[in-house]
Amino acid sequence: MPVKMRKTLVCLLVIVAVAALSAVFIIAYGNKETGTDYESDDMIITRKQLDNCKAVYALEGVSVSDDEVIKKIVTDRLLYKEAVKAGVTLTDDEVWHYMNETKETMKKDPEVYKFYLSYLKDTGMTEDEYWEKSFPVYKRAYTTGKYRKYLKGKFAADHPDISATDLHKAFDEYYDKYTDDLYEEYTRKYGNVSITEK
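Residues numbered from 1 in each chain as written. Predicted model: local features only at pLDDT ≥ 70, side-chain atom pairs only at ≥ 80, totals over all residues. Heavy atoms only, no water.

Peer 1: Looking at this model, I keep getting lost on the overall build of the protein. Mind explaining?
Peer 2: Looking only at helices and strands, the protein has 9 helices and 2 strands in total. Put simply, the protein runs from its N terminus to its C terminus through helices and strands in the order α-α-β-α-α-α-α-α-α-α-β. Looking at the protein residue by residue over its 198 residues, the buried ones come to 40%. Here the contacts in the protein between residues at least 6 apart in sequence split such that 73% fall between residues at least 24 apart. When the accessible surface of the protein is totalled, it reaches about 11400 Å², and 54% of it is carbon and sulfur. (Helix = DSSP H or I, 4+ residues; strand = E, 2+ residues; numbered from the N terminus. Buried < 20%, exposed > 50% of the residue type's maximum accessible area, 1.4 Å probe, protein only. Contact = heavy atoms within 4.5 Å. Areas by Shrake-Rupley, 256 points an atom, 1.4 Å probe, with all protein chains shown as cover.)

See the structure below:
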């Protein structure tokens, strides 16, 4: 994975996990107790969550609109639900392993680590509390990543005529369409996602 993309991923994971510890985010991303299912298809995104996500993109020099961030948040939730339906899961040990990798990657980048420590200071949490409390959020994020790999394997098996050289590009196009279709289906069924100022 390119360094810049890995840095963005780590920043996003940190923001999502920290934000997930607030009650409003639990409403937006589902029931924290169940961890694998959501009580409602309603999604509420706060202005602060939206601005935090945009700030991460800005760290990478990428300007994104509110609508693009909303689509990303909603799509991530929908992908997680699809992963669960497909039986794509991770053990707790696997999640802790990936979380430890994320920790180490974060510490190697002074800008990302400073950003993370600033979040901890704002929330009053220790590093240990952060990792313990954010475990369910990381589990969802890593499960979604594993689901993408699962889909790529299925795509490759269903398209043996595509060369190994062209497979990555073809799958990316398929995956983009798949995620766009998930989002469009959701908005057709439930309408647009609202942003709350709280």
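Peer 1: Looking at this structure, how should I read helix H4 (residues 66-86)?
Peer 2: Structurally, the α-helix is built with 3.6 residues per turn, so residues lying three or four positions apart point the same way. With 21 residues, H4 should cover 30 Å at 1.5 Å per step; its first-to-last C-alpha distance of 30 Å lies within 8% of that length. For H4, every residue scored as buried is listed here: Val69, Ile70, Ile73, Val74, Thr75, Arg77, Leu78, Leu79, Tyr80 and Ala83. Gly87, located one to two residues past H4, shows a positive phi value of around 80°. (Expected span 1.5 Å × (residues − 1).)

Peer 1: Just to check I follow, could you spell out the nonpolar core for this structure?
Peer 2: Side chains that are nonpolar tend, in soluble globular proteins, to be buried together. Grouped together as the largest cluster of nonpolar side chains are 26 residues, with contacts concentrated most on Ile70, Val74, Tyr147 and Val193. Secondary-structure elements contributing two or more residues to this core are helix H3 (47-59), H4, helix H8 (135-158) and helix H9 (164-190). Discounting residues that sit within four places of it in the chain, Val193 has contacts with Met43, Ile45, Ile70, Val74 and Tyr186. The next biggest cluster of nonpolar side chains, apart from the first, holds 14 residues, and it includes Val95, Tyr113, Leu120 and Tyr138. (Core = buried A, V, L, I, M, F, W, Y, C linked by side-chain atoms within 4.5 Å.)

This is a description of form; function is not addressed.
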